Amino acid sequence: MQPGPGKPRVFSGIQPSGGLHLGNYLGALRNWVRDQDKYDNIFCIVDLHTITVPQDPAALRENTLSLAAIYLASGIHPELAWILECFIPMGWLERMTQFKEKSGRERERSSAGLFAYPALMAADILLYDTRYVPVGEDQRQHIELTRDVAQRLNQRFGEVFVLPEAMIQAAGARIMGLDDPEKKMSKSLAGDNPGHAIFLLDPPDVIRKKIARAQTDAQPAVQFPAGTGVRNLLEIYRTITDQDWPAVEREFAAKPYSVLKSAVADAVVEALTPIQERYREIRADDAGLMRQLRGTADRLRPIANTTLQRVQHAVGLR
Ligand code: AQP
């Protein structure tokens, strides 16, 4: 299916599975905000995805509202996910890295929802006739699966879906944990280790402390090629300050790690302070926030309904 006239549709979401961290910001949120005038945007809170692993109900409610205060969400519809699941072979889902990582050794005991999660994500994207999906590197595989199942239905039933493409920036697409730079910075890992992630709502002194303790290596000063921990700090810095690698190498070559860490901390605090101030203003009026979310969902629901009806008709459900 060809996209309609006007700006291309962009769609993406974040799970309210915990506080947002710097990886979510640099890999996703910041790019959404920066490019928002170029596209017709829909950004949602993917709460249904979050319950694929156990959640505390009160925490989930609070995390959802908190996430909503950072960006405004759209309504989603689970029916398309079921139709898509019927067209996605088990083998495709078994290959998904995120499922392998999150199920770990408890594979047999993890929920069917966790296994089928990519179908729900595909449904969210396809329902809104999305052209581009701005995400971090970890989501590339899920967007490819979305494309594959859309193509499968298009081949079989005619042009039902717009084919979406992942939009992944060169900088900040994979921020690593501060405590362990071999692991992606992630909300779920942050639960067990407070030094793992910088949360977008962390106060400046906490941000500084976490960065000061970030894992580096035994070298006395920055050298290139840098080890994974130092490279991660440099990546955070260059993404936040919009610089390329040569500029950052010139700035920090042979500097002690303490100089690098305090520059990274300054840049992070400077980027997050205005977001935190605005966040507090929004959260002072939760009723207003809820009204705004409902209004946005009402406005977007017709787009989703039109696509759903088209698919229902194509497969013979309508
Ligand atoms: N470390 C990261 N670096 C760059 N981008 C990242 N994203 C996540 N982690 C990093 C991007 O943030 C967006 C929202 O992610 P999500 O909440 O939908 O799920 P996720 O990718 O599984 O994120 P987390 O933080 O790791 O959450 P949990 O631990 O709950 O699974 C996406 O665009 C993602 O690419």
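Residues numbered from 1 in each chain as written. Predicted model: local features only at pLDDT ≥ 70, side-chain atom pairs only at ≥ 80, totals over all residues. Heavy atoms only, no water.

Asks: Explain the overall build of the protein chain to me, and be specific about the residues and the numbers.
Replies: Per the secondary structure count, the protein chain includes 14 helices and 4 strands. Its C-alpha atoms give the protein chain a radius of gyration of 21 Å, within 12% of the compact-globule value 20 Å for 318 residues. Judged by the C-alpha coordinates and their principal axes, the protein chain covers about 65 × 45 × 40 Å. Looking at the 318 residues of the protein chain, the share that counts as buried comes to 48%. With the model as given, the accessible surface of the protein chain reaches about 15600 Å², and the carbon-plus-sulfur share is 52%. (Helix = DSSP H or I, 4+ residues; strand = E, 2+ residues; numbered from the N terminus. Rg over C-alpha atoms; globule rule 2.2 N^0.38 Å. Buried < 20%, exposed > 50% of the residue type's maximum accessible area, 1.4 Å probe, protein only. Areas by Shrake-Rupley, 256 points an atom, 1.4 Å probe, with all protein chains shown as cover.)

Asks: Got a sec to walk through the site of the ligand? Specific residues and values, please.
Replies: In the neighbourhood of the ligand, 24 residues make up the surrounding shell, with Lys-102, Asp-138, Ile-175, Lys-187 and Ser-188 lying closest. Its free accessible area being 640 Å², the ligand has 97% of it covered by the protein chains. At a threshold of 2 Å from the grid points, most atoms of the ligand map onto the largest pocket. When contributions to the shell around the ligand are tallied by element, the ones reaching two or more residues are β1 (9-14), α1 (22-34), α6 (97-103) and α9 (187-190). Per-element tally for the shell around the ligand: the top contributor is α1, with 4 residues. (Near = heavy atom within 4 Å. 1 Å grid on protein atoms, 1.4 Å probe; cavity = no way out; pocket = protein on both sides within 12 Å on 5 of 7 lines; lining within 4 Å. Sits in = over half its atoms within 2 Å of the grid points.)

Asks: Just give me the short version of the layout of surface pockets, but keep the residues and values in it.
Replies: Empty space left among the atoms is revealed by rolling a probe the size of a water molecule over them. Approximately 1200 Å³ is the volume found for the largest pocket. For the largest pocket, the lining is made up of 44 residues, of which Gln-98, Lys-102, Asp-138, Gln-139 and Lys-184 are closest to its centre. Mapped by element, the contributors of at least two residues to the lining of the largest pocket are β1, α1, α6, α7 (112-127), α8 (140-157) and α9. Tallied by class, residues from the lining of the largest pocket come to 15 nonpolar, 19 polar and 10 charged. (Points joined across faces, edges and corners; volume = space filled by probe spheres on them. Nonpolar A, V, L, I, M, F, W, Y, C, P; charged D, E, K, R; others polar.)

Asks: Summarise the pattern of salt bridges; cite the residues concerned and give the values.
Replies: Should the charged atoms of two oppositely charged side chains come close, the side chains can pair. A full pass over the atoms with the stated rule returns 17 salt bridges. The salt bridge involving Glu-62 is made with Arg-283; its shortest N-O contact spans 3.2 Å. Of this pair, Glu-62 sits in helix α3 (residues 57-70) while Arg-283 is found in helix α13 (residues 257-283), placing the two residues 221 residues apart along the sequence. For Glu-62, a relative accessible area of 39% translates into the label partly exposed. A salt bridge links Arg-109 to Glu-106; the shortest N-O distance between them is 3.5 Å. (Salt bridge = Lys/Arg side-chain N within 4 Å of Asp/Glu carboxyl O.)

Asks: Account for the packing of aromatic side chains, with residues named and values stated.
Replies: Applying the stated rule across the entire model yields 5 aromatic pairs. Centroid distance Phe-11 to Tyr-128: 5.2 Å. Interplanar angle 10 degrees. Geometry classified as stacked. You can see Phe-11 sitting in strand β1 and its partner Tyr-128 sitting in the loop between α7 and β3 (132-134), a full 117 residues away along the chain. Tyr-128 matches Phe-11 in its accessibility class, with the two residues each being buried. Seen from the ring of Tyr-132, Arg-131 lies directly overhead, with NZ or CZ sitting 4.9 Å from the centre. The side chain of Arg-231 reaches across the aromatic face of Trp-245, ending 4.6 Å from its centre. (Phe/Tyr/Trp six-rings, centres within 6.5 Å; stacked < 30°, edge-to-face > 60°. Lys NZ or Arg CZ within 6 Å of the ring centre and 35° of its normal.)

Asks: Lay out empty space enclosed by the protein in plain terms, naming residues and giving numbers.
Replies: The full count for this structure, using the stated rule, is 1 cavity of 30 Å³ or more. Size it by volume and the largest cavity reaches roughly 30 Å³. Lining the largest cavity are Val-10, Asn-31, Trp-32, Asp-35, Tyr-39, Asn-41, Phe-43, Pro-134 and Met-167. Counting residues per element, the ones that place at least two in the lining of the largest cavity are α1 and β2 (40-45). Residue composition of the lining of the largest cavity, grouped by class: 6 nonpolar, 2 polar and 1 charged.

Asks: Which residues make up the nonpolar core, and what values go with them?
Replies: Counting 51 residues, the largest nonpolar core has Leu-22, Ile-211, Leu-234 and Val-268 as its most contacted members. Broken down by element, this core gets its largest block of residues, 11 residues, from α13. When sequence neighbours within four positions are dropped, the list of residues in contact with Leu-234 reads Val-222, Phe-224, Ala-226, Trp-245, Val-248, Phe-252 and Leu-260. In terms of nonpolar packing, the next biggest core, distinct from the first, is built from 40 residues, Phe-11, Leu-126, Leu-145 and Leu-300 among them. (Core = buried A, V, L, I, M, F, W, Y, C linked by side-chain atoms within 4.5 Å. Contact = heavy atoms within 4.5 Å.)

Asks: Break down helix α10 (residues 204-212) for me, with residues and values.
Replies: Three or more residues of α10 are buried, namely Ile-207, Lys-210 and Ile-211. Here the buried residues of α10 occupy an arc of 95 degrees about the axis, which is enough to place them on one side. Its buried side turned inward, α10 meets α11 (228-240) and α13. (Arc of directions from axis to C-beta.)

Asks: Would you mind going over the pairing of β1 in detail, with residue names and values included?
Replies: With 5 of 6 residues buried, β1 lies mostly within the body of the structure. Inspection of the sheet shows β1 paired to β2 by 6 bridges, in the parallel sense. Paired with Phe-11 across the two strands is Ile-42, which belongs to β2. Handedness of the β1-α1-β2 crossover: right-handed. (Pairing = 2+ DSSP bridges. Right-handed = clockwise from strand over helix to strand, strands pointing away.)

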